[in-house]
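Structural features, examined
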Amino acid sequence: MPGEGAGSLTLVSADRQLWDSLRHHGDVDASDGLLDFAVNVHGTAPPDWLQRRLASRLSDLARYPTAAEDLAVRESVARRHGRNPDEVLLLSGAAEGFSLLAHLSPRCAAVVHPSFTEPEFALRQAGIAVQQVVVPPPFRLADATVPDHADLVVLGNPTNPTSVLHPRADIHALRRPGRVIVVDEAFSDVVPGEPETLAGISLPDVLVLRSLTKTWAIAGLRCGYLLGSPALLAELTRRRPHWPVGTLQLEAIRACCTPEALAAAEVIMQRIGEDRKYLIAALRQFESQGVGIVEPADASFLLLHVSGRPDLRHRLKERGIAVRRCDTFPGLSDDYVRVAVREREAADALLAAIREVL
(Lines give C-alpha, C1' and ligand atoms only; values in the text may rest on other atoms or scores of the structure.)
Protein backbone atom coordinates (compact mmCIF):
# COMPACT_ATOMS: atom_id res chain seq x y z
CA MET A 1 0.00 0.00 0.00
CA PRO A 2 1.50 3.39 -0.97
CA GLY A 3 2.63 5.39 2.03
CA GLU A 4 2.17 2.49 4.46
CA GLY A 5 3.86 3.32 7.77
CA ALA A 6 3.96 7.00 6.85
CA GLY A 7 0.53 8.07 5.63
CA SER A 8 -1.68 5.00 5.59
CA LEU A 9 -5.01 5.16 7.39
CA THR A 10 -4.69 1.45 8.23
CA LEU A 11 -2.82 1.90 11.48
CA VAL A 12 -1.52 -0.29 14.24
CA SER A 13 -2.00 0.94 17.80
CA ALA A 14 1.31 2.82 17.98
CA ASP A 15 0.51 4.59 14.73
CA ARG A 16 -2.99 5.37 15.98
CA GLN A 17 -1.52 7.01 19.08
CA LEU A 18 0.69 9.18 16.86
CA TRP A 19 -2.28 10.00 14.64
CA ASP A 20 -4.42 11.06 17.59
CA SER A 21 -1.58 13.16 19.03
CA LEU A 22 -1.06 15.01 15.76
CA ARG A 23 -4.78 15.81 15.65
CA HIS A 24 -4.93 17.27 19.17
CA HIS A 25 -5.20 21.06 19.32
CA GLY A 26 -5.61 23.55 22.13
CA ASP A 27 -9.32 24.13 21.60
CA VAL A 28 -9.90 20.63 23.01
CA ASP A 29 -8.20 21.64 26.26
CA ALA A 30 -10.24 24.84 26.60
CA SER A 31 -13.56 23.49 27.90
CA ASP A 32 -16.51 25.80 28.49
CA GLY A 33 -16.35 27.63 31.79
CA LEU A 34 -12.55 27.52 32.11
CA LEU A 35 -10.28 30.54 32.03
CA ASP A 36 -8.61 29.88 28.69
CA PHE A 37 -4.81 29.82 28.50
CA ALA A 38 -4.87 26.93 26.02
CA VAL A 39 -5.80 28.72 22.78
CA ASN A 40 -3.46 31.34 21.33
CA VAL A 41 -6.10 33.74 20.05
CA HIS A 42 -5.85 37.36 21.18
CA GLY A 43 -9.13 38.64 22.56
CA THR A 44 -12.58 37.10 22.68
CA ALA A 45 -14.15 38.73 19.59
CA PRO A 46 -13.03 40.59 16.46
CA PRO A 47 -12.59 44.34 16.91
CA ASP A 48 -15.66 46.48 16.25
CA TRP A 49 -14.30 47.91 12.99
CA LEU A 50 -13.77 44.41 11.60
CA GLN A 51 -17.22 43.28 12.69
CA ARG A 52 -18.70 46.26 10.85
CA ARG A 53 -16.74 45.41 7.69
CA LEU A 54 -17.98 41.84 7.80
CA ALA A 55 -21.58 42.85 8.52
CA SER A 56 -21.55 45.17 5.51
CA ARG A 57 -21.02 42.16 3.24
CA LEU A 58 -23.87 40.00 4.49
CA SER A 59 -26.16 41.14 1.67
CA ASP A 60 -23.58 39.87 -0.86
CA LEU A 61 -23.74 36.26 0.27
CA ALA A 62 -26.28 35.28 -2.39
CA ARG A 63 -23.61 35.42 -5.09
CA TYR A 64 -20.38 33.53 -5.56
CA PRO A 65 -17.06 35.28 -4.90
CA THR A 66 -15.61 36.58 -8.16
CA ALA A 67 -12.16 36.31 -9.68
CA ALA A 68 -11.99 40.11 -9.65
CA GLU A 69 -12.53 40.20 -5.89
CA ASP A 70 -9.96 37.48 -5.35
CA LEU A 71 -7.45 39.56 -7.32
CA ALA A 72 -8.29 42.72 -5.38
CA VAL A 73 -7.67 40.95 -2.08
CA ARG A 74 -4.43 39.42 -3.35
CA GLU A 75 -3.33 42.92 -4.36
CA SER A 76 -4.00 44.10 -0.79
CA VAL A 77 -1.93 41.26 0.67
CA ALA A 78 0.82 41.87 -1.89
CA ARG A 79 1.04 45.57 -0.93
CA ARG A 80 1.23 44.61 2.72
CA HIS A 81 4.31 42.43 2.10
CA GLY A 82 5.91 44.13 -0.91
CA ARG A 83 5.13 41.20 -3.21
CA ASN A 84 3.31 40.74 -6.52
CA PRO A 85 -0.32 39.54 -6.51
CA ASP A 86 0.63 36.36 -8.37
CA GLU A 87 2.82 35.47 -5.36
CA VAL A 88 -0.24 35.38 -3.07
CA LEU A 89 -2.59 32.44 -2.51
CA LEU A 90 -5.62 33.13 -0.33
CA LEU A 91 -6.58 30.34 2.07
CA SER A 92 -9.55 29.15 4.04
CA GLY A 93 -7.40 29.11 7.16
CA ALA A 94 -3.76 28.15 7.52
CA ALA A 95 -4.75 24.49 7.85
CA GLU A 96 -5.87 24.49 4.22
CA GLY A 97 -2.37 25.57 3.23
CA PHE A 98 -0.90 22.52 4.95
CA SER A 99 -3.36 20.23 3.18
CA LEU A 100 -2.24 21.62 -0.19
CA LEU A 101 1.43 20.75 0.38
CA ALA A 102 0.88 17.17 -0.75
CA HIS A 103 0.22 18.53 -4.26
CA LEU A 104 3.97 19.22 -4.49
CA SER A 105 4.44 15.41 -4.43
CA PRO A 106 7.51 15.37 -2.17
CA ARG A 107 9.39 12.09 -1.82
CA CYS A 108 10.21 12.83 1.83
CA ALA A 109 8.92 15.66 4.00
CA ALA A 110 10.98 16.64 7.04
CA VAL A 111 8.93 18.33 9.75
CA VAL A 112 10.93 20.16 12.41
CA HIS A 113 9.58 19.49 15.91
CA PRO A 114 8.39 20.38 18.45
CA SER A 115 6.01 22.44 16.34
CA PHE A 116 2.42 22.75 15.19
CA THR A 117 1.34 19.22 14.31
CA GLU A 118 -1.23 19.93 11.59
CA PRO A 119 1.35 19.98 8.73
CA GLU A 120 2.58 16.49 9.61
CA PHE A 121 -0.96 15.21 9.97
CA ALA A 122 -1.97 16.60 6.57
CA LEU A 123 1.10 15.14 4.85
CA ARG A 124 0.68 11.71 6.43
CA GLN A 125 -3.01 11.71 5.60
CA ALA A 126 -2.08 12.27 1.95
CA GLY A 127 0.32 9.31 1.99
CA ILE A 128 3.52 11.39 2.01
CA ALA A 129 6.55 9.88 3.77
CA VAL A 130 7.35 12.06 6.77
CA GLN A 131 10.50 12.19 8.84
CA GLN A 132 10.31 13.95 12.18
CA VAL A 133 13.29 16.15 12.97
CA VAL A 134 13.17 16.62 16.74
CA VAL A 135 15.21 19.53 18.06
CA PRO A 136 16.33 19.26 21.71
CA PRO A 137 16.07 22.13 24.22
CA PRO A 138 16.54 25.05 23.84
CA PHE A 139 14.77 24.25 20.54
CA ARG A 140 17.00 26.20 18.17
CA LEU A 141 16.67 25.54 14.44
CA ALA A 142 20.46 25.62 14.12
CA ASP A 143 20.50 22.33 16.06
CA ALA A 144 18.12 20.57 13.67
CA THR A 145 19.57 17.70 11.65
CA VAL A 146 17.50 17.68 8.49
CA PRO A 147 18.21 14.68 6.22
CA ASP A 148 19.77 15.59 2.91
CA HIS A 149 17.22 13.56 0.96
CA ALA A 150 14.26 15.57 2.31
CA ASP A 151 12.81 17.58 -0.57
CA LEU A 152 10.23 19.37 1.60
CA VAL A 153 11.03 20.92 4.99
CA VAL A 154 8.32 22.40 7.23
CA LEU A 155 9.06 24.58 10.25
CA GLY A 156 7.47 27.29 12.34
CA ASN A 157 8.78 30.79 13.02
CA PRO A 158 8.15 31.78 15.74
CA THR A 159 7.48 28.18 16.60
CA ASN A 160 4.38 26.85 18.30
CA PRO A 161 4.61 25.74 21.14
CA THR A 162 8.16 26.83 22.04
CA SER A 163 7.74 30.57 21.26
CA VAL A 164 11.27 30.47 19.78
CA LEU A 165 12.01 32.91 16.95
CA HIS A 166 14.61 31.53 14.55
CA PRO A 167 17.09 33.75 12.68
CA ARG A 168 16.43 33.98 8.96
CA ALA A 169 20.00 32.83 8.35
CA ASP A 170 19.20 29.47 9.96
CA ILE A 171 16.27 29.01 7.59
CA HIS A 172 18.36 29.95 4.57
CA ALA A 173 20.93 27.36 5.66
CA LEU A 174 18.35 24.61 5.05
CA ARG A 175 17.89 25.49 1.37
CA ARG A 176 19.11 22.93 -1.18
CA PRO A 177 18.59 22.41 -4.92
CA GLY A 178 15.34 20.53 -5.41
CA ARG A 179 14.06 21.27 -1.89
CA VAL A 180 11.11 23.45 -0.87
CA ILE A 181 11.10 25.15 2.52
CA VAL A 182 7.72 25.91 4.13
CA VAL A 183 7.79 28.45 6.96
CA ASP A 184 4.70 28.65 9.14
CA GLU A 185 4.61 32.30 10.23
CA ALA A 186 1.18 32.12 11.86
CA PHE A 187 2.50 34.09 14.85
CA SER A 188 4.86 36.50 13.08
CA ASP A 189 2.37 39.32 13.34
CA VAL A 190 2.74 39.39 17.14
CA VAL A 191 6.50 40.04 16.88
CA PRO A 192 7.23 43.80 16.75
CA GLY A 193 8.92 44.69 13.48
CA GLU A 194 8.84 41.04 12.35
CA PRO A 195 12.66 41.01 12.15
CA GLU A 196 13.03 37.39 10.96
CA THR A 197 10.08 37.14 8.58
CA LEU A 198 10.55 35.88 5.03
CA ALA A 199 7.13 37.14 3.96
CA GLY A 200 8.55 40.07 2.00
CA ILE A 201 11.33 38.15 0.24
CA SER A 202 10.65 36.45 -3.10
CA LEU A 203 12.47 33.13 -3.22
CA PRO A 204 11.74 30.35 -5.73
CA ASP A 205 12.00 27.57 -3.13
CA VAL A 206 10.39 29.11 -0.04
CA LEU A 207 6.70 29.20 0.88
CA VAL A 208 5.55 31.41 3.76
CA LEU A 209 2.22 30.74 5.44
CA ARG A 210 0.43 33.48 7.34
CA SER A 211 -2.68 33.45 9.54
CA LEU A 212 -5.04 36.24 10.59
CA THR A 213 -6.74 34.17 13.26
CA LYS A 214 -4.57 35.00 16.23
CA THR A 215 -4.33 38.78 16.19
CA TRP A 216 -7.88 39.53 15.06
CA ALA A 217 -9.84 36.82 16.93
CA ILE A 218 -11.40 35.26 13.83
CA ALA A 219 -10.57 31.59 14.36
CA GLY A 220 -14.13 30.68 13.37
CA LEU A 221 -13.85 32.48 10.04
CA ARG A 222 -10.74 30.61 8.80
CA CYS A 223 -8.52 33.20 7.09
CA GLY A 224 -4.93 33.01 5.92
CA TYR A 225 -2.67 33.07 2.88
CA LEU A 226 0.48 31.64 1.36
CA LEU A 227 3.30 33.66 -0.16
CA GLY A 228 5.58 32.06 -2.73
CA SER A 229 6.63 31.82 -6.34
CA PRO A 230 3.84 31.64 -8.94
CA ALA A 231 5.18 28.27 -10.08
CA LEU A 232 4.89 26.75 -6.59
CA LEU A 233 1.47 28.27 -6.00
CA ALA A 234 0.24 26.85 -9.31
CA GLU A 235 1.35 23.37 -8.21
CA LEU A 236 -0.46 23.77 -4.90
CA THR A 237 -3.77 24.74 -6.52
CA ARG A 238 -3.94 22.42 -9.52
CA ARG A 239 -6.56 20.18 -7.86
CA ARG A 240 -8.21 22.80 -5.67
CA PRO A 241 -12.02 23.10 -5.82
CA HIS A 242 -13.82 26.22 -7.01
CA TRP A 243 -14.56 29.07 -4.59
CA PRO A 244 -12.31 27.83 -1.77
CA VAL A 245 -12.43 31.19 0.03
CA GLY A 246 -15.79 32.77 0.81
CA THR A 247 -16.96 36.37 0.63
CA LEU A 248 -16.62 37.11 4.35
CA GLN A 249 -13.15 35.55 4.40
CA LEU A 250 -12.08 37.70 1.47
CA GLU A 251 -13.42 40.81 3.20
CA ALA A 252 -11.62 39.95 6.43
CA ILE A 253 -8.28 39.39 4.69
CA ARG A 254 -8.53 42.66 2.79
CA ALA A 255 -9.61 44.56 5.91
CA CYS A 256 -6.72 43.21 7.98
CA CYS A 257 -4.15 44.33 5.39
CA THR A 258 -5.11 48.01 5.37
CA PRO A 259 -2.71 50.60 6.82
CA GLU A 260 -5.22 51.27 9.61
CA ALA A 261 -5.32 47.58 10.56
CA LEU A 262 -1.53 47.32 10.48
CA ALA A 263 -1.28 50.33 12.80
CA ALA A 264 -3.77 48.70 15.18
CA ALA A 265 -1.77 45.46 15.01
CA GLU A 266 1.33 47.33 16.16
CA VAL A 267 -0.54 48.40 19.29
CA ILE A 268 -1.62 44.81 19.92
CA MET A 269 1.97 43.62 19.42
CA GLN A 270 3.26 46.04 22.03
CA ARG A 271 0.53 45.07 24.49
CA ILE A 272 1.25 41.36 24.06
CA GLY A 273 4.95 42.04 24.55
CA GLU A 274 4.32 43.88 27.81
CA ASP A 275 1.96 41.18 29.07
CA ARG A 276 4.51 38.50 28.16
CA LYS A 277 7.26 40.26 30.13
CA TYR A 278 4.94 40.54 33.12
CA LEU A 279 4.04 36.85 32.99
CA ILE A 280 7.65 35.71 32.59
CA ALA A 281 8.82 37.84 35.51
CA ALA A 282 6.02 36.51 37.70
CA LEU A 283 6.61 32.87 36.73
CA ARG A 284 10.25 33.12 37.80
CA GLN A 285 9.10 32.99 41.41
CA PHE A 286 8.40 29.29 40.82
CA GLU A 287 11.82 28.38 39.42
CA SER A 288 12.95 26.91 42.76
CA GLN A 289 9.91 24.61 42.57
CA GLY A 290 10.91 23.20 39.21
CA VAL A 291 9.14 25.55 36.81
CA GLY A 292 11.31 26.38 33.79
CA ILE A 293 10.44 28.87 31.06
CA VAL A 294 11.71 28.42 27.51
CA GLU A 295 13.43 31.69 26.64
CA PRO A 296 13.84 33.89 24.77
CA ALA A 297 10.14 33.83 23.96
CA ASP A 298 8.78 35.98 21.14
CA ALA A 299 5.22 34.81 20.49
CA SER A 300 1.91 35.20 22.30
CA PHE A 301 2.46 32.10 24.45
CA LEU A 302 5.07 30.49 26.69
CA LEU A 303 6.31 26.92 26.96
CA LEU A 304 6.78 25.81 30.56
CA HIS A 305 8.66 22.75 31.78
CA VAL A 306 7.41 21.70 35.19
CA SER A 307 9.83 18.97 36.12
CA GLY A 308 8.19 15.88 37.58
CA ARG A 309 4.70 17.41 37.61
CA PRO A 310 2.69 15.81 34.80
CA ASP A 311 -0.40 16.45 36.93
CA LEU A 312 -0.07 20.24 36.67
CA ARG A 313 -2.59 20.81 33.91
CA HIS A 314 -5.13 18.53 35.59
CA ARG A 315 -4.70 20.34 38.90
CA LEU A 316 -5.07 23.70 37.16
CA LYS A 317 -8.24 22.50 35.44
CA GLU A 318 -9.68 21.65 38.85
CA ARG A 319 -9.12 25.32 39.69
CA GLY A 320 -10.85 26.57 36.54
CA ILE A 321 -7.73 27.15 34.39
CA ALA A 322 -7.17 25.59 30.96
CA VAL A 323 -3.59 25.24 29.66
CA ARG A 324 -2.38 23.37 26.58
CA ARG A 325 -1.07 19.86 27.14
CA CYS A 326 2.21 19.35 25.29
CA ASP A 327 2.84 15.61 25.28
CA THR A 328 1.05 15.59 21.91
CA PHE A 329 3.94 17.57 20.38
CA PRO A 330 6.77 15.31 19.16
CA GLY A 331 9.82 15.95 21.33
CA LEU A 332 7.90 17.06 24.42
CA SER A 333 6.71 15.11 27.46
CA ASP A 334 3.72 15.39 29.76
CA ASP A 335 5.54 17.71 32.15
CA TYR A 336 5.49 20.51 29.56
CA VAL A 337 2.53 22.88 29.21
CA ARG A 338 1.90 25.85 26.97
CA VAL A 339 0.22 28.96 28.34
CA ALA A 340 -1.16 31.81 26.28
CA VAL A 341 -0.16 35.35 27.14
CA ARG A 342 -3.18 37.14 28.57
CA GLU A 343 -3.87 40.50 30.20
CA ARG A 344 -2.57 40.95 33.74
CA GLU A 345 -5.81 40.23 35.58
CA ALA A 346 -6.10 36.82 33.91
CA ALA A 347 -2.36 36.21 34.36
CA ASP A 348 -2.70 36.83 38.08
CA ALA A 349 -5.44 34.19 38.26
CA LEU A 350 -3.16 31.69 36.53
CA LEU A 351 -0.28 32.52 38.85
CA ALA A 352 -2.45 32.11 41.93
CA ALA A 353 -3.60 28.70 40.70
CA ILE A 354 -0.03 27.57 40.00
CA ARG A 355 0.99 28.73 43.49
CA GLU A 356 -1.77 26.60 45.01
CA VAL A 357 -0.81 23.53 42.99
CA LEU A 358 2.89 23.77 43.77
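Quantities reported herein were computed from a predicted structural model and do not represent experimental measurements.

Turning next to the overall build of the protein chain. On a plain count of helices and strands, the protein chain comes out with 13 helices and 12 strands. Computed over C-alpha atoms, the radius of gyration of the protein chain comes to 20 Å, within 12% of the 21 Å expected from 2.2 N^0.38 for 358 residues, which places it in the range of a compact globule. Overall size of the protein chain, expressed as C-alpha extent along the three principal axes, is 55 × 50 × 40 Å. Per-residue burial over the protein chain gives 54% buried out of 358 residues. Sequence separation of 24 or more characterises 73% of the internal contacts of the protein chain that already satisfy a separation of 6 or more. Taking the average place of the 39 positive charges on the side chains of the protein chain and the average place of its 45 negative ones, the gap between the two points comes to 2 Å.

Read across the open sheet, the five strands follow the order E1-E11-E12-E10-E9; overall the sheet is mixed. The open sheet has two edge strands, strand E1 (35-37) and strand E9 (291-293), and neither has a second partner. With strand direction ignored, the average angle separating the axes of adjacent strands in the sheet is 35°. Here three bridges tie E1 to strand E11 (residues 321-325), and the two strands are oriented parallel to one another. The residue of E11 that forms the bridge with Leu35 is Ile321. Across the face of the sheet, helix H11 (residues 259-283) comes into contact with E9, strand E10 (301-306) and strand E12 (336-340) while running at roughly 10° to E10. Contacts between helix H13 (residues 344-357) and the sheet are confined to E1, E11 and E12, with E1 contributing the most and set at about 90° to the helix.

Turning our eyes to something else, we now look at the pattern of salt bridges. All chains considered together, the criterion is met by 24 salt bridges. Measuring nitrogen to oxygen at the nearest pair gives 3.9 Å for the salt bridge that ties Asp36 to Arg342. Of this pair, Asp36 sits in strand E1 while Arg342 is found in the loop between E12 and H13, placing the two residues 306 residues apart along the sequence. Arg124 is paired through a salt bridge with Glu120; the nearest N and O atoms lie 2.7 Å apart. Of this pair, Arg124 and Glu120 are both found in helix H6 (residues 118-125), four residues apart, which corresponds to roughly one turn of the helix. Assigned by exposure class, Arg124 and Glu120 land together as buried. A cluster of three or more residues bridged by salt bridges with shared partners is formed by Arg53, Arg57, Asp60, Glu69, Glu251 and Arg254.

This structure, assessed with the given rule, holds five aromatic pairs. Ring centres of Phe98 and Phe116 lie 5.9 Å apart, and the angle between their planes is 55°; this geometry places the pair in the tilted category. Of this pair, Phe98 sits in helix H5 (residues 94-100) while Phe116 sits in the loop between strand E3 (109-113) and H6, and the two are 18 residues apart along the sequence. Exposure remark for Phe98: the relative accessible area of 1% places this residue in the buried category.

So, on to the packing of helix H4 (residues 67-81) against helix H10 (residues 247-255). Interhelical geometry of H4 versus H10 gives an angle of 25° and a closest axis separation of 9 Å. Relative to H10, the element H4 is oriented roughly parallel. The hand of the H4/H10 crossing is left-handed. Contacts between H4 and H10 involve Glu69, Asp70, Ala72, Val73, Ser76 and Val77 from the first element and Leu250, Ile253 and Arg254 from the second. Its residues placed into classes, the contact of H4 with H10 shows five nonpolar, one polar and three charged.

All right, on to unusual backbone geometry then. Cis geometry is adopted by the peptide bond preceding Pro114, which originates at His113 and carries an omega value of 0°. Assignment of secondary structure puts Pro114 in the loop between E3 and H6. The residue after Glu295, namely Pro296, is reached through a cis peptide bond having omega 0°. Note on placement: Pro296 falls in the loop between E9 and E10. Residue Ser105 is not a glycine yet carries a positive backbone phi of 55°.

How each quantity is defined
- Residues numbered from 1 in each chain as written.
- Predicted model: local features only at pLDDT ≥ 70, side-chain atom pairs only at ≥ 80, totals over all residues.
- Heavy atoms only, no water.
- Helix = DSSP H or I, 4+ residues; strand = E, 2+ residues; numbered from the N terminus.
- Rg over C-alpha atoms; globule rule 2.2 N^0.38 Å.
- Buried < 20%, exposed > 50% of the residue type's maximum accessible area, 1.4 Å probe, protein only.
- Contact = heavy atoms within 4.5 Å.
- Lys, Arg positive; Asp, Glu negative; His and termini not counted.
- Charge placed at Lys NZ, Arg CZ, Asp CG, Glu CD.
- Pairing = 2+ DSSP bridges.
- Axes fitted to C-alpha atoms, helices over the stretch in contact; angles between N-to-C directions.
- Salt bridge = Lys/Arg side-chain N within 4 Å of Asp/Glu carboxyl O.
- Phe/Tyr/Trp six-rings, centres within 6.5 Å; stacked < 30°, edge-to-face > 60°.
- Parallel < 35°, antiparallel > 145°, perpendicular 65-115°, else oblique.
- Left-handed = near helix turned anticlockwise from the far one by under 90°.
- Nonpolar A, V, L, I, M, F, W, Y, C, P; charged D, E, K, R; others polar.

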